[in-house]
Amino acid sequence: MSSPLFDPTAAPVGRSVTTAPRPGKLDGLRIGLVENTKFNSDKLLAKIGDILKAEHGVAEWKMYHKHNSSVPAHAEIIDEVKQTADVMVAGIGD
């Protein structure tokens, strides 16, 4: 019996992705930073938050920590970000 053959040269199937609306500017906005618990992800996002505040007029930023890197943000994070942030940035580290 022969084994099935996978042809890696097949054309990819395209799909459209809808992204959330982006603000025109960040002045005065509140930023939620969601880190995935990987090494240095919190340090990277804190630096990004500081740069956004210093150079783009962000009012404040707050860091949220996922339970672990292999799962989506838990409901408590999503609910709080919806209430307290205008923009969310998710980041990874390694």
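This structure is a prediction, so every number in the text was calculated from the model and none was measured. Counting from 1, residues in each chain are numbered in the order their sequence is written. Restriction of local features to residues with pLDDT of at least 70 applies here, the model being predicted, together with a cutoff of 80 or more for giving and counting side-chain atom pairs; totals for whole chains, interfaces and linings are based on all residues. Calculated side-chain values reflect all of the structure's heavy atoms, with hydrogen atoms and water omitted.

## Topic: the sheet that holds strand β1 (residues 30–35)
In step 1: Strand order across the open sheet formed by three strands is β2-β1-β3, with parallel pairing between neighbours. Sheet topology places β2 (60–65) and β3 (87–91) at the edges, where each strand pairs with a single neighbour. Ignoring which end each strand starts from, the neighbouring axes of this sheet average 20 degrees apart.
In step 2: Two strands qualify as a pair provided DSSP detects at least 2 bridges between them. The helix count covers DSSP runs of H or I at least four residues long, the strand count covers runs of E at least two residues long, and both are numbered beginning at the N terminus. Bridge analysis of β1 against β2 gives six bridges, and the strand direction is parallel. The angle between two axes is taken between their N-to-C directions and runs from 0 to 180 degrees, where each axis is a line fitted to C-alpha atoms and a helix contributes only its stretch in contact.

## Considerations on the nonpolar core
In step 1: By nonpolar core we mean a set of buried residues, namely Ala, Val, Leu, Ile, Met, Phe, Trp, Tyr and Cys, connected to one another through side-chain atoms within 4.5 Å. Buried means the residue's accessible area, taken with a 1.4 Å probe over protein chains only, is under 20% of the maximum for its type, while exposed means over 50%, and partly exposed covers the values in between. Among the nonpolar cores identified, the biggest contains eight residues, and these are Leu29, Ile31, Leu33, Leu45, Leu52, Val58, Met63 and Val87.
In step 2: Elements that contribute at least two residues to this core include exactly β1 and α1 (41–56).
In step 3: Should any heavy atoms of two residues lie within 4.5 Å, those residues are counted as being in contact. Residues within four places of Val58 in sequence aside, it is in contact with Leu26, Gly28, Leu29, Ile31, Leu52 and Lys53.
In step 4: Core analysis: the next-biggest nonpolar cluster, separate from the first, contains five residues, Val34, Tyr64, Val81 and Ala85 among them.

## As for the packing of aromatic side chains
In step 1: To pair, rings of Phe, Tyr and Trp, with the six-membered ring standing in for Trp, must have centres within 6.5 Å; the planes then decide the type, stacked if under 30 degrees apart, edge-to-face if over 60, and tilted in the middle. Taken as a whole and judged by the stated rule, the model has zero aromatic pairs.
In step 2: A ring is scored as having a charge over it whenever the NZ atom of a lysine or the CZ atom of an arginine sits within 6 Å of its centre and within 35 degrees of its normal. A cation over an aromatic ring shows up here: Lys43 above the ring of Phe39, its NZ or CZ 5.9 Å from the ring centre.

## Things to note about unusual backbone geometry
In step 1: The phi angle at Thr37 is positive, at roughly 75 degrees, despite the residue not being glycine.
In step 2: With respect to the helices, strands and loops of the structure, Thr37 is situated in the loop between β1 and α1.
In step 3: Phi is positive for Asn40, close to 70 degrees, though the residue is something other than glycine.
In step 4: With respect to the element layout, Asn40 can be found in the loop between β1 and α1.
In step 5: Residue class for Asn40 comes out partly exposed when judged on its relative accessible area of 30%.

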